[in-house]
Amino acid sequence: MSEILQTPQKKKVLSCIQPSGMLTLGNYLGALKNWCTMQEEFDCTFAVADLHAITVRQDPTKLRAQIYSTYALLLALGLDPQKNTIFIQSHVPEHACLSWLLSCNTQFGEMSRMTQFKDKSAKHANNVNVGLFSYPVLMAADILLYKPDLVPVGADQKQHLEIARDIAIRFNNLYGDVFTVPDAYIPKTGARVMSLQDPTKKMSKSDENLNSWVAILDSKDDIIRKFKRAVTDSNANVHFCEEQAGISNLITIYSAVTGKSVAEIEKEFSGKGYGEFKIAVGESVADTLAPIKAAYDEIIKDKKALEVLYKQGAEKAEYVARKTYFKAMKKVGFVL
Ligand code: TRP
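## A closer look at the overall build of the chain
Here is step 1 of the chain: Looking only at helices and strands, one finds 14 helices and 5 strands in the chain.
Here is step 2 of the chain: For a compact globule of 336 residues, the expected C-alpha radius of gyration is about 20 Å, and the chain comes in at 21 Å, within 12% of that figure.
Here is step 3 of the chain: Once the C-alpha set of the chain is aligned to its principal axes, its extents read approximately 70 × 55 × 45 Å.
Here is step 4 of the chain: In the chain, which comprises 336 residues, the share counted as buried stands at 46%.
Here is step 5 of the chain: In the chain, 73% of the contacts between residues at least 6 apart in sequence involve partners at least 24 apart.

## A closer look at the domain arrangement of the chain
Here is step 1 of the chain: Split by domain assignment, the chain resolves into domain 1 (12-191 + 303-332) and domain 2 (210-298).
Here is step 2 of the chain: Summarising the inter-unit geometry, the C-alpha centres of domain 1 and domain 2 are found 31 Å apart.
Here is step 3 of the chain: Counting residues at the interface gives 14 residues for domain 1, matched by 16 residues for domain 2.
Here is step 4 of the chain: In total, domain 1 and domain 2 occlude about 1200 Å² of area from one another, counting both sides; carbon and sulfur atoms represent 82% of this.
Here is step 5 of the chain: Connecting domain 1 to domain 2 are 0 salt bridges.
Here is step 6 of the chain: One can count 4 residue pairs in polar contact (both at pLDDT 80 or more) joining domain 1 with domain 2.
Here is step 7 of the chain: Per-element accounting of the side of domain 1 that touches domain 2 gives the leading share, 5 residues, to helix α2 (residues 25-41).
Here is step 8 of the chain: Its residues placed into classes, the side of domain 1 that touches domain 2 shows 11 nonpolar, 2 polar and 1 charged.

## Re the environment of Tyr28
Here is step 1 of the chain: Along the chain, the position of Tyr28 falls in helix α2.
Here is step 2 of the chain: Each C-alpha atom of the pair Tyr28 and Asn127 lies 30 Å from the other, and the pair is 99 residues apart in sequence.
Here is step 3 of the chain: Discounting chain neighbours no more than four positions away, the residues touching Tyr28 are Lys33, Leu77, Ile216, Thr288, Leu289 and Ile292.

## With respect to the side chain of Ser195
Here is step 1 of the chain: Within the fold, Ser195 resides in the loop between β5 (183-185) and α10 (220-228).
Here is step 2 of the chain: Of note is the side chain of Ser195, whose polar atom sits 3.0 Å from the backbone nitrogen of Gln197.
Here is step 3 of the chain: Not counting the four nearest positions on each side in its chain, Ser195 is found in contact with Lys201, Lys202, Met203, Asp207, Ser212 and Asn249.

Thresholds, definitions, all that
One numbering rule holds for all chains: residues counted from 1, following each sequence as written. Selection of residues for local features in this predicted model requires a pLDDT of at least 70, selection of side-chain atom pairs for listing and counting requires 80 or more, and totals for whole chains, interfaces and linings are taken over all residues. For side-chain calculations, the full set of non-hydrogen atoms in the structure is used, while hydrogens and water are omitted. Secondary structure elements follow DSSP: runs of H or I of four or more residues count as helices, runs of E of two or more count as strands, with numbering from the N terminus. With the radius of gyration taken over C-alpha atoms, the globule rule is written as 2.2 Å times the number of residues to the power 0.38. Think of it in three bands: residues with accessible area under 20% of the maximum for their type are buried, residues over 50% are exposed, and the middle band is partly exposed, with areas taken using a 1.4 Å probe on protein chains only. Contacts are residue-level and defined by heavy atoms, with any inter-residue pair within 4.5 Å sufficient. An automatic or database domain assignment supplies the residue ranges for each domain. Here the quantity called buried area is the total loss of accessible area, with a 1.4 Å probe, experienced by two parts when brought into contact, counted for both. The rule for a salt bridge is simple: a side-chain nitrogen of Lys or Arg has to be within 4 Å of a carboxyl oxygen of Asp or Glu. In protein, a polar contact requires one atom able to donate a hydrogen and another able to accept it; more generally it is a pair of N or O atoms within 3.5 Å, and residues adjacent in sequence count only if both atoms are side-chain atoms. Residues are grouped as follows: nonpolar covers Ala, Val, Leu, Ile, Met, Phe, Trp, Tyr, Cys and Pro; charged covers Asp, Glu, Lys and Arg; every other residue, Gly included, is treated as polar.

Structure (structure tokens):
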């Protein structure tokens, strides 16, 4: 009886984001906006995955600035550091430590099959380091330490989540129950934003064509200029369909920032030209991002206040991570 009266426990969610360069409108609409919604419903842990960033070569000064900036941006988005646990991965050493235990329970063959490893090792052929290879094991450690029920991931990270589940199941079978096997969380809304210059490719900050992507922190003028230059077709018809990939991408973006449906948008712009539509998209994106940029500019100014928050976040995270890590160590047979 008494159980019925208790408030049900919130489900636990974990996700991380790499601090590799400017975060884009694609990161915002595809993932980060959902983090903001999820904090209302779930018990959330969010981390800046800085250890993952060094699997490709990083300039130390830039890396440090990007870690700060990514952490500040998470706060600027409105993620509440009191309600959630928000921390920097390298501040909690258990991630690297657990990763070793998991590495010894992961097969070379299964890592070799990871498509992201194949892609990245082709792209960074002069630096195919062991960390790049075992990156999914570190990601499994990130996840399993916090026993989340759900992990929101985009399509490119699905395979890594699968392997984290496989590793957890295998470990539990060998040593007893230590880890929770998490499910992927596919949010109800989540837009896949494509390049503004080549709508067959995903929007990416590593794209050399700077007009192809919008940074969350871009100025209003830059945002509008990039949308004005967005590649479209010659049909001059604001209509969502496969053949009109460019205009369909703009419709997706406009729908995600305004909450209007595709049908409403097609109606609103029927008989109007692409020029007018592109400006409307640019302006609504700029208006959506403006308060985030304003909050960010304030937060990044005060490094001391930021430090207090990321240290508190690391303490909260470590409290949970330690327990899981020591349990795993004990089960494997280490002397504690
Ligand atoms: N690998 C993820 C990415 O590049 C980031 C990440 C690291 C992550 N650890 C994670 C995502 C744990 C979800 C859960 O996008």
